[in-house]
Amino acid sequence: MRKAPLFLLVMTMLLALALCQCLLPARRVSEMENRLLAQSPHISFRAFLEGSLADNVEDFAADQLPLRDGFVAVYSTMQYSLGRRAVGDAILGEGMLFDQSAVWSERNVRLNAAALNDLATLTGKDVCLMAVPSAAMIYPEKLPAHAPVADEAALLAVAEKETRLLPLLTALQKAKDAPLYYTTDHHWTVDGAQIGYAVACDALGLSPVKMGEREVYPGFYGSFYVRYPLPWVKSDTFAWMPVEGLQLTINGEEYATLLDTDVLAGRDKYAALLHGNHALVELNNDAAPEGTLLVIKDSYANALLPLLAQHYRRVVAVDPRYFAGNIVELVNTYEGEMILCVYGMNTLSTGRTIALLEGL
């Protein structure tokens with residue numbers, strides 16, 4: 001009998017949640033998780049027989065759960081109180097969050113780096129790789145004991161055997177007194193990107209341009225925060241270096257600005273750079289002295305490309321995660337002087353996106 005009030009309370013809460021889920025309109029996008037949410041499933045006899053109807057209903061119920069973001073935060077807090085510092089592929093360290101990278105694959109690194117060497121052979125172009133390490137490589141002292149992180153130095157050594165590797169890791173380690181990475185996101189800050197810019201300029205035979213004033217936007221909660229959303233974690237301040245005189249074209253469509261102001265108003269402000277990730281991006285600069293630079297990229301390059309575009313009349317950037325064309329044909333069409341690959345170690349190690357490019 002003593003359990004009856006607790007049972008009734010739980011049932012009342014469950015019924016209230018179910019009623020709210022039926023009455024409230026379905027959310028299309030999760031601002032916290034930065035993804036589309038499952039919508040009301042199409043009910044059909046065929047879907048029932050195939051078994052997909054039950055899966056779709058389950059996805060819809062989970063994604064549209066009222067107060068979902070709050071429940072995730074409560075779960076993360078419970079994990080923290082139990083002493084668990086690694087939750088949802090994120091690690092809580094001293095004042096910042098890190099990537100759980102122990103599963104990063106040496107084989108993927110080797111295949112992707114070897115593909116860059118193949119691209120150099122097939123096109124006759126110089127190709128170099130700027131592999132952006134994770135924050136764990138720069139600030140290991142901030143990691144908790146026995147953190148599940150990869151040996152990125154060993155992974156970089158594998159890449160260096162296959163292609164020309166730029167000395168970015170050493171440059172970042174020398175400048176670690178500056179905040180080179182966001183505390184709630186895996187990307188580098190404007191300070192980190194400037195280090196990358198200097199390293200790239202040295203490799204490309206360029207003289208870095210002195211930068212002007214930064215634009216700053218507070219209230220940035222990045223990808224790590226989504227995985228481990230503790231209520232007391234402070235937001236980052238997103239910053240970037242405005243570069244004048246650049247024209248941005250994405251998949252053949254011209255854009256008036258380099259930053260997506262709608263995205264800046266939300267949580268994931270880094271995604272505002274160059275309007276996010278796309279298959280083919282061009283930055284044109286009529287005042288630049290050089291010709292064309294070809295870039296193979298992931299999202300780390302979005303903070304770097306405008307800086308490099310100060311030197312080139314045209315920077316053409318391909319993201320292998322979205323590009324479905326023939327990379328060799330594209331390189332031959334644009335006739336760039338050199339190919340620079342800017343890839344985070346997380347992308348280089350967790351997929352074979354470069355190795356699977358058509359034409360290689």
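Please refer to the structure placed before this passage.
Below or above, wherever it landed, is the structure these notes cover. Quantities reported herein were computed from a predicted structural model and do not represent experimental measurements.

The interhelical angle for the contact between helix H5 (residues 106-123) and helix H7 (residues 152-162), taken along N-to-C directions, is 25 degrees, at an axis separation of 8 Å. Our classification of the angle between H5 and H7 gives roughly parallel. In the crossing of H5 with H7, the sense of the turn from one axis to the other is right-handed. Only Leu 155, Val 158, Ala 159 and Glu 162 of H7 make contact with H5, whose side of the interface consists of Glu 106, Val 109, Arg 110, Ala 113, Ala 114 and Asn 117.

Ranked by internal contacts, the top residues of the largest apolar core, which has 99 residues, are Leu 129, Met 130, Tyr 181, Trp 188, Leu 340 and Ile 354. When residues in this core are grouped by element, the largest group, 8 residues, is from helix H9 (residues 190-204). Beyond its immediate sequence surroundings of up to four residues, Tyr 181 is in contact with Met 96, Val 132, Pro 133, Ser 134, Ala 135, Ile 138, Tyr 139, Leu 172, His 186, His 187, Trp 188 and Thr 189. Membership of the second largest hydrophobic core comes to 9 residues, among which are Leu 92, Phe 224, Tyr 225 and Leu 230.

What follows covers the sheet that holds strand E14 (residues 312-318). Working definition: the strands of a sheet are paired by backbone hydrogen bonds and lie parallel or antiparallel to each other. Across the sheet, 8 strands lie side by side as E7-E6-E15-E13-E14-E12-E10-E11; this open sheet has mixed pairing. Each of the sheet's edge strands pairs with one partner strand only, and the pair in question is strand E7 (164-165) and strand E11 (253-255). The pairing of strand E10 (residues 247-250) with strand E12 (residues 280-284) spans 4 bridges and is antiparallel. Residue pairing in the sheet places Ile 250 in a bridge with Val 281 of E12.

Bringing the pairing of E14 into the picture now. In terms of burial, E14 is largely enclosed, as 5 of its 7 residues are buried. Sheet topology places E12 next to E14; 5 bridges connect them, and they run antiparallel. Bridging across to E14, Leu 283 finds its partner in Val 315.

Examined against the element boundaries, Asp 236 turns out to sit in strand E9 (residues 236-240). Side-chain polar atoms of Asp 236 contact the side chain of Thr 183, separated by 2.8 Å. Those residues in contact with Asp 236 that lie beyond four places of it in its chain are Tyr 182, Thr 183, Thr 184, Asp 185, Tyr 217, Pro 218, Gly 219 and Phe 220.

What follows covers the pattern of salt bridges. Under the definition given, this model contains 5 salt bridges. Note that Arg 214 and Asp 191 form a salt bridge whose closest N and O atoms lie 2.6 Å from each other. Here the residue Arg 214 occupies a position in the loop between H9 and strand E8 (215-220), and Asp 191 occupies one in helix H9, the gap between them amounting to 23 residues. The exposure class of Arg 214 is partly exposed, given its relative accessible area of 34%. For Lys 297, the salt bridge is made with Asp 319, and the minimal N-O distance between the two is 3.6 Å. Within this pair, whereas Lys 297 is found in strand E13 (residues 290-297), its partner Asp 319 is found in the loop between E14 and helix H13 (327-334), the two being separated by 22 residues in sequence. Overall, Lys 297 belongs to the buried group, its relative accessible area being 1%. The network of salt bridges with common partners includes Lys 297, Asp 319 and Arg 321.

If you walk through the whole model with that rule in mind, you get 7 aromatic pairs. Ring centres of Tyr 217 and Phe 238 lie 6.3 Å apart, and the angle between their planes is 35 degrees; this geometry places the pair in the tilted category. Residue Tyr 217 is found in strand E8, and its partner Phe 238 is found in strand E9; the two are separated by 21 residues along the sequence. The exposure class assigned to Tyr 217 is partly exposed, which follows from its relative accessible area of 24%. Overall, the relative accessible area of 0% leaves Phe 238 in the buried class. Between Tyr 221 and Tyr 225, the aromatic rings sit 4.5 Å apart at their centres with planes inclined by 40 degrees, giving tilted as the arrangement. A relative accessible area of 25% means that Tyr 221 is categorised as partly exposed. Cluster of aromatic residues (ring-pair linked, three or more members): Tyr 182, Tyr 217, Phe 220, Phe 238 and Tyr 270.

The next point concerns H13. Where H13 is concerned, the buried positions are Ile 327, Val 328, Leu 330, Val 331 and Tyr 334. Along the axis of H13, the buried residues cluster in a sector spanning 160 degrees; they form a single face. Opposite the packed face of H13, turned more than 90 degrees from it, sit the exposed residues Glu 329 and Thr 333. At its buried positions, H13 is contacted by H5, E12, E13, E14 and strand E15 (338-344). For H13, the N-terminal capping position is held by Asn 326, with its side-chain oxygen 3.0 Å away from the main-chain nitrogen of Val 328. Immediately downstream of H13, the backbone of Glu 335 shows phi near 50 degrees, a positive value.

So, how was this worked out
Residues numbered from 1 in each chain as written. Predicted model: local features only at pLDDT ≥ 70, side-chain atom pairs only at ≥ 80, totals over all residues. Heavy atoms only, no water. Axes fitted to C-alpha atoms, helices over the stretch in contact; angles between N-to-C directions. Helix = DSSP H or I, 4+ residues; strand = E, 2+ residues; numbered from the N terminus. Parallel < 35°, antiparallel > 145°, perpendicular 65-115°, else oblique. Left-handed = near helix turned anticlockwise from the far one by under 90°. Contact = heavy atoms within 4.5 Å. Core = buried A, V, L, I, M, F, W, Y, C linked by side-chain atoms within 4.5 Å. Buried < 20%, exposed > 50% of the residue type's maximum accessible area, 1.4 Å probe, protein only. Pairing = 2+ DSSP bridges. Polar contact = N/O pair within 3.5 Å; in protein donor to acceptor, adjacent residues only side chain to side chain. Salt bridge = Lys/Arg side-chain N within 4 Å of Asp/Glu carboxyl O. Phe/Tyr/Trp six-rings, centres within 6.5 Å; stacked < 30°, edge-to-face > 60°. Arc of directions from axis to C-beta.

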